[in-house]
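So the chains spell out like this:
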Amino acid sequence: MEPLDPHPVTGTLLPSPARPGCGWPGDPADAQTPVATTAAAVRRLARSAADVAELQARVSVCRACPRLVRWRESVATTGRRASFADQPYWGRPGPSFGDADAAVLLVGLAPAANGTNRTGRMFTGDSSGDFLWAALHRTGFAAQPTSVAAGDGQALTGMRIVAAVRCAPPENKPTSAEKETCRAWLVRDLELATPRLRAVLCLGAIGWDAALAAATAAGWEVPRPKPRFGHAAEVVLTAPDGRGIRMVGCYHVSPHNTFTKRLTPAMLDEVLLSLRAG
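Keep in mind it's a predicted model, so treat the numbers as computed, not measured. (Residues numbered from 1 in each chain as written. Predicted model: local features only at pLDDT ≥ 70, side-chain atom pairs only at ≥ 80, totals over all residues. Heavy atoms only, no water.)

Things to note about the packing of aromatic side chains
Counted under the stated rule, the structure contains 4 aromatic pairs. Between W208 and F229, the ring centres sit 5.9 Å apart and the planes meet at 70°, which makes this aromatic pair edge-to-face. Taken as a pair, W208 in helix α7 (residues 204–217) and F229 in the loop between α7 and β7 (234–238) lie far apart in primary sequence, 21 residues in all. Given a relative accessible area of 26%, F229 falls into the partly exposed group. Feature note: the residues W208, F229 and Y251 constitute an aromatic cluster, connected by ring pairs. Lying over the aromatic face of W90, R92 brings its terminal NZ or CZ to 4.0 Å of the ring centre. The ring of F141 is capped by R276, whose NZ or CZ atom sits 4.0 Å from the centre of that ring. (Phe/Tyr/Trp six-rings, centres within 6.5 Å; stacked < 30°, edge-to-face > 60°. Helix = DSSP H or I, 4+ residues; strand = E, 2+ residues; numbered from the N terminus. Buried < 20%, exposed > 50% of the residue type's maximum accessible area, 1.4 Å probe, protein only. Lys NZ or Arg CZ within 6 Å of the ring centre and 35° of its normal.)

Set out below in structure tokens:
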């Protein structure tokens, strides 16, 4: 019989990885959601997603990168962290989280093996997320100062969190091919957000580069030479409808950056508050 563990919020007994439609809080997919198993299928399913809900359902069941599928599922079954061994693991790609009509997109790098890969929510369940969510709450984007697990009541207003890569990669290092395959999901995120979008916040140089590549693929005008990443760096991209969209850089909320004070709460708050002014 398939092992089941109680969800830390709802208590529902769930398998690891979580099957679409098994009862995981906030699961955007069900048993009928189409599954991408190749890069070409990712591009096709991303392009044909009619709205944010459909796109995230398809993202959450993607199996196009075999190395990432093996890793995320091995962590969810035999590789769980000891402190979470009694919890079910999401073990699937991380769908976006937040306001479907957001004026701001936050672009991160990739899920953490025992963070998003465990909880099913972006930047949730690890120290990076703790730092980010506290700032999002202080600056009025998040309903709560913490994000513990799906189903905990957390919500975002005016912002949606996406990622350059949607699966947890070994050693936190996706390959170039994996980033390229995943780009189609981000391109469609940009396309669906464009009518209301005012700004894109990029965490780290990889998030910055991923957003620039996705914007180019979506038909946006990107300045040349390629804008350089930096903390609080800013560039204006031109969407197909002619509107200027601010792209702002921010040091990543990684433990290395936050513990060494390369990124402080005040620095993050300043960048987040600037997004409201635009």
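Things to note about the sheet that holds strand β6 (residues 199–203)
Strand order in the open sheet formed by 6 strands is β3-β5-β4-β6-β8-β7, with mixed pairing between adjacent strands. On the outer flanks of this sheet lie β3 (97–98) and β7, each paired with one strand and no other. (Pairing = 2+ DSSP bridges.)

Comments concerning helix α1 (residues 39–47)
Within α1 the residues assigned to the buried category are A41, V42, L45 and A46. Here the buried residues of α1 occupy an arc of 125° about the axis, which is enough to place them on one side. Tucked into the core, α1 has its buried residues touching α2 (52–59) and α6 (176–193). (Arc of directions from axis to C-beta. Contact = heavy atoms within 4.5 Å.)

Regarding the pattern of salt bridges
Per the counting criterion, the structure on display carries 16 salt bridges. Ionic pairing is found between D5 and R80, a salt bridge with its closest N-O pair at 3.1 Å. Of the two residues, D5 sits in strand β1 (residues 5–6) while R80 sits in the loop between α3 (66–77) and β3, which places them 75 residues apart along the sequence. Pair check on accessibility: D5 and R80 agree, each one buried. Here R58 makes a salt bridge to E54, at a shortest N to O gap of 3.1 Å. One end of the pair is R58 and the other is E54, both in helix α2 and 4 residues apart, which spans about a single turn. When its relative accessible area of 10% is taken as the criterion, R58 is described as buried. (Salt bridge = Lys/Arg side-chain N within 4 Å of Asp/Glu carboxyl O.)

A few points about the packing of α1 against α6
Relative to each other, α1 and α6 sit at 5°, their axes nearing to 8 Å. It follows that α1 is roughly parallel to α6 by the angle criterion. Across the interface between the two elements, A39, V42, R43, L45, A46 and R47 of α1 pack against T181, A184, W185 and R188 of α6. When the residues that make up the contact of α1 with α6 are grouped by side-chain class, the tally is 6 nonpolar, 1 polar and 3 charged. (Axes fitted to C-alpha atoms, helices over the stretch in contact; angles between N-to-C directions. Parallel < 35°, antiparallel > 145°, perpendicular 65-115°, else oblique. Nonpolar A, V, L, I, M, F, W, Y, C, P; charged D, E, K, R; others polar.)

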